[in-house]
Protein chains: 4
Amino acid sequence: MIELAANSYGKSAIRLVKLTRLADRHVLRDLTVGIALEGDFEAAYVEGDNANVVATDTMKNTVYAFARDRLDGPIERFGLALARHFVEFAQVEQATVRIREHGWAPVPTAGGPAPDAFLRTGDLTRVAVVTVSRADVTIEAGIEDLTVMKTTRSGFTGFPRDRYTTLPEVEDRLMATRLAAIWRYARHADAGGTSAEDGGAGLDFDAEFGGVRDVLLEVLASHDSPSVQSSIWQIGRAILAARPAVDEIRMTLPNLHHWLVDLSPFGLDNDREIFIPTTEPHGLIEGTVRRSDLKP
Amino acid sequence: MIELAANSYGKSAIRLVKLTRLADRHVLRDLTVGIALEGDFEAAYVEGDNANVVATDTMKNTVYAFARDRLDGPIERFGLALARHFVEFAQVEQATVRIREHGWAPVPTAGGPAPDAFLRTGDLTRVAVVTVSRADVTIEAGIEDLTVMKTTRSGFTGFPRDRYTTLPEVEDRLMATRLAAIWRYARHADAGGTSAEDGGAGLDFDAEFGGVRDVLLEVLASHDSPSVQSSIWQIGRAILAARPAVDEIRMTLPNLHHWLVDLSPFGLDNDREIFIPTTEPHGLIEGTVRRSDLKP
Amino acid sequence: MIELAANSYGKSAIRLVKLTRLADRHVLRDLTVGIALEGDFEAAYVEGDNANVVATDTMKNTVYAFARDRLDGPIERFGLALARHFVEFAQVEQATVRIREHGWAPVPTAGGPAPDAFLRTGDLTRVAVVTVSRADVTIEAGIEDLTVMKTTRSGFTGFPRDRYTTLPEVEDRLMATRLAAIWRYARHADAGGTSAEDGGAGLDFDAEFGGVRDVLLEVLASHDSPSVQSSIWQIGRAILAARPAVDEIRMTLPNLHHWLVDLSPFGLDNDREIFIPTTEPHGLIEGTVRRSDLKP
Amino acid sequence: MIELAANSYGKSAIRLVKLTRLADRHVLRDLTVGIALEGDFEAAYVEGDNANVVATDTMKNTVYAFARDRLDGPIERFGLALARHFVEFAQVEQATVRIREHGWAPVPTAGGPAPDAFLRTGDLTRVAVVTVSRADVTIEAGIEDLTVMKTTRSGFTGFPRDRYTTLPEVEDRLMATRLAAIWRYARHADAGGTSAEDGGAGLDFDAEFGGVRDVLLEVLASHDSPSVQSSIWQIGRAILAARPAVDEIRMTLPNLHHWLVDLSPFGLDNDREIFIPTTEPHGLIEGTVRRSDLKP
């Protein structure tokens, strides 16, 4: 017998710009939204019956319509509004909304930040993933596309050597990565009873994001790294220690190797000065750090 | 208390070309390999102790060394050899090897296929994912980057309409997708006792791949599609029906919309003739089809 | 004094699919079109006067409208129709239309090629560039995205050595490239008086394209290459010799290096068998081959 | 008769990181370098004689060797050093060096900018193109990858309407572009006799770059734009007016359209608030602004 197992569907890469004209300046938001639904959709697959299939075109329209009235705060709240809307369909058991927010900053001018001209900033992308089911709400926030380099206090020694090992031990290397991190907010985020279930009414998602980002950058800059693995742990632990609203953080760090160029054929030394940055191949290190008293 | 949860590490994007010089022609293989390990690596994260950390540079070296002697058959077997090698390290509990094989075909000439000149073909990418743990071997094969279009016998009707629905019902549309499929071979693939555990000694992975691909293309071309969801089911079911060695197949199909251009402002009709192909946004439909008598 | 010098404007990346429903099968065309105009547009730049500025949105509309009735032959003729249309505007001195045609092939099935299902082929992209001015018509055709490899009969020796030279002489290497070629058809392409000026009424652009492509592949496969430079010359010369309608061909060949892996640390030799394909950095070799009796 | 016409060759995508360890902080430079040579290379093409062909691998080595001692100032000077080196080969008539510098900023921490940790900034890429021939030196500098948006004071009206025109006149639109600009420094850049020929010994390339960038951003933010064409003129004219060292500037501006979403089917208005940003198709506007008293 043959059966349908896990399935989902939705709309990806919904691009959206919202412009709000304040009295003294404009506010520009630039998002990429994805919607995915799980639920009672087996008939569409197995019987060709679309009666339960909310069209992905409808999802797109809903995102634009909601953007008009509900996109006035952090992307986590916009994601919550959308996910709750879709889970109201009887056939939907779980709705996941992924949002990437692309950064724009006012153009700097002699007279200060321009009120109506912006430049796209590429330092990082802010991410939110909101999952709403009948029983549960999960709010995750994250950082993608953050390319960073430590130029000292990073090494890699003490690793096992076998027939295929040629890498020398190195006490002081460049460590570069394009960091992706995503963290989950606690279901009851503070003593006052704020909870993700109620939309995290009391949680200031912008402040939380900024707080996590700041700890991440602070530890990234200041820690001694004996390996990318250790960096993940040190950063993750510090974030959990500093931000009680965060229960768990997952990080994915490619190790973007910088190879020292051998200049000796040209009669030159190269005391860790000239490097070839590469992307292929790259190490890929992943780890999750969490509070150990969480129920799974 | 803060703890390390799920973690893994490895090397990605290892690029490899192998050239075999037969008497009458050359054989060209072009692979991208990724290795990921799970196991007893907590000390690296938490204590900065790399004693257990097989260097990702060593993984890369191993891939090249193994390519010389072990890359003489399908990528599934090369993946098996690599995964088994890495799981021999005491600290490794599971090794996953992902391989993408890029197609090259002999250059066609007046005298027939050239023996020593090749052109890269872009119709699809063949994929294998081999996972070896102490207790188990899983061999998956797949297709990526297969862009296909059905120009009739595809529609989408009968879906629910709400306030945000504007999509018209359409009986006859273009359906285009960039298909990704990955299927898992049965642990005991045939009556003769061939099993994935023994490296699938009796399984002809090239023949299996070709068989699945042919069924996929055949059904893709011939079926009537009331939705992308239904296409996934029809294709998956046919593959499981035709290929006893396959236990389960997962498919991911973006719906690459083709919008009919409104030519009426120019005094022209457009009877499903001129379309704008788009990639943003796109539907994204996923489904797994499996034998229902499998133990999970 | 400050003045406006060279300028042009237009619309790029106009995506277009045309489907023609024949009695027994469908015909699928998939193009990306770009339009660029030069002419009397200085007032738009200098005075903010748009009276002469054919909107790029209008260009896009025109492409779709023309696709309905004029896209029934090779892309060179479609480009000619478009370029001639735009040069009819009094302010337009020159219109350039660039078209890339993306390949699709019928899905192969047990019953033969499917009449209404297609798969995207990635072997190469066919290109046309048509430039029409008041006085002249230039029709160019080309190939892009053709990735090829010669696995023997390619070397590189006899080059000068200086302080910075470490590359060894190599008699037998892999030569891989992603070839781009564009050739210009003669203004009077054959003795019967066919000319590009009259739209090349007598020139069979599909046959010409196929002819050039075949010579290119034939020479690519069969020639001995002492350098990429020489390959360009040998291929170009052969095309001009074989195809009287072609006056000139320009080729751009990145040299996509394949580095032999040093397996000696693992006790293995590597007799030109295992290579690392790379894209960064790459050589980039360009050359134009033409008939020497052409007026410039 | 068939002959070789224009030709060049070189090395592209040479990636390079230089780290300088100052007493109190590190300085990080990240470049992508390309070299192209023209000269007496016909024998390589036509006769397969490589005696004149400086290997592109040697070019790469030279870049790394020069980076050690000569990369201590702006990329224009590094490019000059490289171009002059290559033009010293008797067979080289012209050497062109293109450099892109990728931005990194110190990681911000509570204690100020980190001395040894950096994050990649993506606001723009600084570019230099240095061309040295026997008789001449040309130094160009530029900006790429600068994505900007004006959220008001941009319109497009008064354009001609024909059968294919549907675009409405719009007084107030979003104007977004990914700006590329490249400007040429005057051969005698100031009254004191500084000239590009002597390496621009007196020209402060960093200050010039900053000056041009600041004017560009200032005008971008402050001007009223009746068209992208006019924006090019206004920006270019202001740069030439403010920066006497600049003789000519070329700009390429894609018009990245933002389409207003029609929310009326959902009973909502949309007063220029919710937009769909797009990249396909896009307008492409180019223009060169120069001093009119220049000799060609």
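Once a new chain begins, its residue numbering starts again from 1 and follows that chain's sequence as written. Each chain is given a letter, starting from A, and each ligand a number, starting from 1, according to the order in which they appear as written. Owing to the predicted nature of the model, reporting of local features is limited to residues with pLDDT of at least 70; listing and counting of side-chain atom pairs is limited to 80 or more, with chain, interface and lining totals taken over all residues. Only hydrogens and water are removed before side-chain values are computed, so all heavy atoms of the structure are retained for them.

Asks: Can you explain the overall build of chain A? Please cite residues and give values.
Replies: Helix and strand content of chain A: five helices and 12 strands. Seen through its principal axes, chain A has C-alpha atoms that stretch 75 × 70 × 40 Å. Contact definition: two residues touch when any of their heavy atoms are within 4.5 Å. Of the contacts formed within chain A by residues at least 6 apart in sequence, a portion of 64% connects residues at least 24 apart. Accessible surface area values rest on a Shrake-Rupley calculation with a 1.4 Å probe, where residue burial reflects the displayed protein chains alone. As displayed, chain A offers around 11,000 Å² of accessible surface, 49% of which is attributable to carbon and sulfur atoms. Distance between charge centres in chain A, computed from 32 positive and 43 negative side chains, equals 3 Å. Segments assigned H or I by DSSP are reported as helices when at least four residues long, segments assigned E as strands when at least two residues long, and all are numbered from the N terminus. None of His or the chain ends enter the tally, which takes Lys and Arg as positive and Asp and Glu as negative. For this purpose, a charge sits on NZ of Lys, CZ of Arg, CG of Asp or CD of Glu.

Asks: How would you summarise the pairing of strand β1 (residues 2-21) of chain C if you had to cite specific residues and measurements?
Replies: The element β1 of chain C is extensively covered by neighbouring structure, given that 15 of its 20 residues are classed as buried. Pairing between two strands is assigned when DSSP locates at least 2 bridges connecting them. Summarising the sheet, strand β11 (residues 274-277) of chain B and β1 of chain C pair through two bridges and their orientation is antiparallel. Across the sheet, the residue bridging to F275 of chain B is V17 of chain C, located in β1 of chain C. Direction of pairing for β1 of chain C relative to strand β12 (residues 282-291) of chain D: antiparallel, over a ladder of nine bridges. Across the sheet, residue N7 of chain C finds its bridge partner in β12 of chain D, namely G287 of chain D. Judged from the 11 bridges that link them, β1 of chain C and strand β2 (residues 26-39) of chain C form a sheet pairing that is antiparallel. Among the inter-strand pairings, L16 of chain C is bridged to a residue of β2 of chain C, identified as L31 of chain C. Hairpin connection between β1 of chain C and β2 of chain C: a loop of four residues separates the two successive antiparallel strands. A 1.4 Å probe rolled over the protein chains alone gives each residue an accessible area, and that area as a share of the maximum for its type sets the label: buried under 20%, exposed over 50%, partly exposed in between.

Asks: Lay out the interface of chain A and chain B in plain terms, naming residues and giving numbers.
Replies: Listed by partner, the interface residues are 70 residues for chain A and 70 residues for chain B. Note on definitions: buried area is the accessible-area loss of two parts on being combined, 1.4 Å probe, summed for both. Summing both sides of the interface, chain A and chain B together bury roughly 5,800 Å²; the carbon and sulfur share of this comes to 57%. What counts as a salt bridge is simple: a side-chain nitrogen of Lys or Arg found within 4 Å of a carboxyl oxygen of Asp or Glu. Between chain A and chain B we count two salt bridges in total. We note a salt bridge from R290 of chain A to E3 of chain B, for which the minimum N-O separation is 2.8 Å. For this analysis, a polar contact is any N or O atom pair within 3.5 Å, provided that within protein one partner can donate a hydrogen and the other can accept it, and provided that sequence-adjacent residues contribute only side-chain to side-chain pairs. Joining chain A to chain B, the criterion identifies 30 residue pairs in polar contact (both at pLDDT 80 or more). Of all the elements in the fold, those that place two or more residues in the side of chain A that touches chain B are β1 (2-21), α1 (42-46), α2 (56-70), α5 (228-242) and β12 (282-291) of chain A. The element contributing the most residues to the side of chain A that touches chain B is β1 of chain A, with 14 residues.

Asks: Describe the environment of E93 of chain B, listing the residues and the values that go with them.
Replies: All names here are of chain B. As for its placement among the helices and strands, E93 is situated in strand β3 (residues 92-101). Sequence separation between E93 and L4 is 89 residues; the distance between their C-alpha atoms is 17 Å. Those residues in contact with E93 that lie beyond four places of it in its chain are E38, G39, D40, V87, V132, S133 and R134.

Asks: Tell me about the interface of chain C and chain A, and please be specific about residues and values.
Replies: At the junction of the two partners, chain C supplies six residues and chain A supplies six residues. Summing both partners gives a buried area of about 640 Å² for chain C against chain A, and 57% of it is carried by carbon and sulfur. The interface formed by chain C and chain A contains zero salt bridges. At the boundary of chain C with chain A, the tally comes to two residue pairs in polar contact (both at pLDDT 80 or more). Basically, the charged four are Asp, Glu, Lys and Arg, the nonpolar ten are Ala, Val, Leu, Ile, Met, Phe, Trp, Tyr, Cys and Pro, and anything else, Gly included, counts as polar. Residue classes in the side of chain C that touches chain A are distributed as four nonpolar, one polar and one charged.

Asks: Could you give an account of the confidence of the model for chain A, naming the residues involved and the relevant values?
Replies: Residues and elements named next belong to chain A. For every residue, the predictor reports its confidence as pLDDT, a number between 0 and 100. Summing up the model confidence of chain A, the mean pLDDT is 94 and the portion of residues at 70 or higher is 95%. Low pLDDT, under 50, characterises residues 189-194; the predicted model gives this stretch 12 contacts beyond four residues in sequence or across chains. With a pTM of 0.96, the predicted complex shows an ipTM of 0.94.

Asks: I'd like to hear about the packing of aromatic side chains, residue by residue, with values.
Replies: Two rings from Phe, Tyr or Trp (for Trp, the six-membered ring) form a pair when their centres are within 6.5 Å of each other. A pair whose planes differ by under 30 degrees is stacked, one over 60 is edge-to-face, and the rest are tilted. Counted according to the given criterion, the structure contains 24 aromatic pairs over all chains. A centroid spacing of 5.7 Å and a plane angle of 55 degrees characterise the contact between Y164 of chain B and F266 of chain D, whose relative ring orientation is tilted. Of this pair, Y164 of chain B sits in the loop between β7 (137-150) and β8 (175-185) while F266 of chain D sits in the loop between β10 (258-260) and β11 (274-277), each in a different chain. Through a chain of ring-to-ring contacts, the aromatic side chains of F66 of chain A, Y164 of chain B together with F266 of chain D assemble into a single cluster. Over the ring of F66 of chain D we find R70 of chain D; its NZ or CZ atom is 4.6 Å from the centre of that ring. Whether a charge sits over a ring comes down to the Lys NZ or Arg CZ being within 6 Å of the ring centre and within 35 degrees of the ring normal.

Asks: Go over the pairing of strand β4 (residues 104-109) of chain B, please, and point to the residues and values.
Replies: All names here are of chain B. Relative to strand β5 (residues 112-120), β4 runs antiparallel, the two being bridged by five bridges. Following the sheet pairing, P106 is matched in β5 by F118. Hairpin connection from β4 to β5: two residues lie between these consecutive antiparallel strands.

Asks: Give me the lowdown on the pattern of salt bridges, citing residues and values where you can.
Replies: Any two side chains of opposite charge can pair, so long as their charged atoms come close to each other. Taken as a whole, this structure holds 86 salt bridges over all chains when the rule is applied. Among the salt bridges present, the one from R100 of chain D reaches E144 of chain D, with a minimum N-O distance of 2.2 Å. Of the two residues, R100 of chain D sits in strand β3 (residues 92-101) while E144 of chain D sits in strand β7 (residues 137-150), which places them 44 residues apart along the sequence. With a relative accessible area of 27%, R100 of chain D lands in the partly exposed category. The exposure class assigned to E144 of chain D is partly exposed, which follows from its relative accessible area of 27%. The network of salt bridges with shared partners includes R21 of chain A together with D172, D271 and R272 of chain D.

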